[in-house]
Amino acid sequence: MPGVLRELYVGRKTGMLTFTRGDERRSVRIRGGHIVTADTTVREDRMGEVLVRHGVLPAAELKRAVGFALRDNKLLGVVLMELGLLDERGLERALELHVRAVLSSVFSWQEGSYEFVEETESAEKAGDVTLRVTTGEWLALVLPVALVWSAEALNTAVEAHCDVASPGHHPLVRRAK
C-alpha cells in the first residue's frame, strides 16, 4: 500500500482511493497527490469519534455538531469550524488524526482490495483542506506499520516451523512463540 500512495503523490493524481474488506470500506480523497480527507463505514474510525477518542472534542459537542451537519447537509469539519469548536489549524489536525486512523487500519489488513477512481483536478469539494504532510511524514507513518506487518509475518512463519519441528509441547518452542 505504501507504493500506491507514493505513486499517487509522485503522479500528482486527483481522485478517490477506496479500500474494501467485506462490508468495511475506507477511503481517502486525494487532490494533486495530497490527501485532503478520509471516509469510512466503520463507526469508531469516523472523524468525530476519532476526535473524541483523542480528547480534541467532547462527546456532547460532537453530538451537537453531527445534528447540524445532518440537518444542513454539511461536512462535520465545516460545522465544527462554524461552531467555533475548531479553527483552520484545528481542522487540519483533526483531518490528520482521521486520515491516520483510516490508513493505520488499512495497513493492518491481511486481505482486502483497493480501487483508485481518478477525477479531474477541478473536482474540489467543499471542506477540502490539503493536509500539510510531506511524503517523508507519510512514510514515517507507513514504515512502522509495514515493519509491524513484516514482523507479524515472520512470527507466523516461525510458529508454523516450530509446530512442524516439535508437534508436542516443548519449553523452548513455547519461548520461541
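Here is what the cut-offs are and how they apply
Residues numbered from 1 in each chain as written. Predicted model: local features only at pLDDT ≥ 70, side-chain atom pairs only at ≥ 80, totals over all residues. Heavy atoms only, no water. Helix = DSSP H or I, 4+ residues; strand = E, 2+ residues; numbered from the N terminus. Buried < 20%, exposed > 50% of the residue type's maximum accessible area, 1.4 Å probe, protein only. Contact = heavy atoms within 4.5 Å. Areas by Shrake-Rupley, 256 points an atom, 1.4 Å probe, with all protein chains shown as cover. Expected span 1.5 Å × (residues − 1). Polar contact = N/O pair within 3.5 Å; in protein donor to acceptor, adjacent residues only side chain to side chain. Arc of directions from axis to C-beta. Core = buried A, V, L, I, M, F, W, Y, C linked by side-chain atoms within 4.5 Å. Pairing = 2+ DSSP bridges. Axes fitted to C-alpha atoms, helices over the stretch in contact; angles between N-to-C directions.

S.K.: Help me get a handle on the overall build of the chain, residues and values and all.
M.R.: Tallying secondary structure elements over the chain gives seven helices and four strands in all. Each helix and strand of the chain, placed in order from N terminus to C terminus, yields the pattern α-β-β-β-α-α-α-α-β-α-α. Out of the 177 residues in the chain, the part that is buried amounts to 36%. Within the chain, counting contacts between residues at least 6 apart in sequence, those at least 24 apart form 60% of the total. Taken as a whole, the chain presents about 10,700 Å² of accessible surface, with 56% of it coming from carbon and sulfur.

S.K.: Give me the lowdown on helix H5 (residues 88–108), citing residues and values where you can.
M.R.: Taking 1.5 Å of rise per residue, 21 residues should cover 30 Å, and H5 covers 30 Å from first to last C-alpha, within 8% of that figure. Within H5, 15 of the 21 residues are buried, leaving the element largely enclosed by the surrounding structure. Near the N-terminus of H5, the side chain that reaches the backbone nitrogen of Arg89, with its oxygen 3.3 Å away, is that of Asp87.

S.K.: Would you mind going over helix H3 (residues 59–72) in detail, with residue names and values included?
M.R.: The terminal C-alpha atoms of H3 lie 20 Å apart, and with 14 residues this matches the ideal 20 Å at 1.5 Å per residue to within 8%. Burial in H3 covers these residues: Leu62, Ala65 and Ala69. For H3, the angular spread of buried residues about the axis comes to 70°, placing them on one side. Away from its buried face, by an angle of more than 90 degrees, H3 presents the exposed residues Ala60, Lys63, Leu70 and Arg71. Check the buried side of H3 and you find it contacts helix H2 (47–53) and helix H4 (76–82). Asn73 occupies a position one or two residues after H3 and carries a positive phi of about 55°.

S.K.: Please give an account of the nonpolar core that cites residues and values.
M.R.: One finds Met47, Leu51, Leu76 and Leu80 to be the most contacted residues of the largest nonpolar core, which totals 16 residues. If you list the elements that add at least two residues to this core, you get H2, H3, H4 and H5. Ranked by residue count, the leading element in this core is H5, at five residues. In this view, Leu76 contacts Met47, Gly48, Leu62, Ala65, Val66 and Ala69; residues no more than four positions away in its chain are not counted. Of all hydrophobic cores here, the second largest spans 15 residues; its members include Val4, Phe19, Ala38 and Leu103.

S.K.: I'd like a rundown of the sheet that holds strand S2 (residues 24–31), residues and numbers included.
M.R.: Pairing in this open sheet of four strands is antiparallel, and the strands run S3-S2-S1-S4 from one edge to the other. On the outer flanks of this sheet lie strand S3 (34–40) and strand S4 (113–118), each paired with one strand and no other. Each strand of the sheet is rotated relative to its neighbour by a mean of 20°, with strand direction disregarded. As paired elements, S2 and S3 share six bridges and run antiparallel to each other. Across the sheet, residue Ile30 finds its bridge partner in S3, namely Ile35. Contacting strand S1 (15–21), S2 and S3, H5 runs over the sheet at an angle of about 70° to S3.

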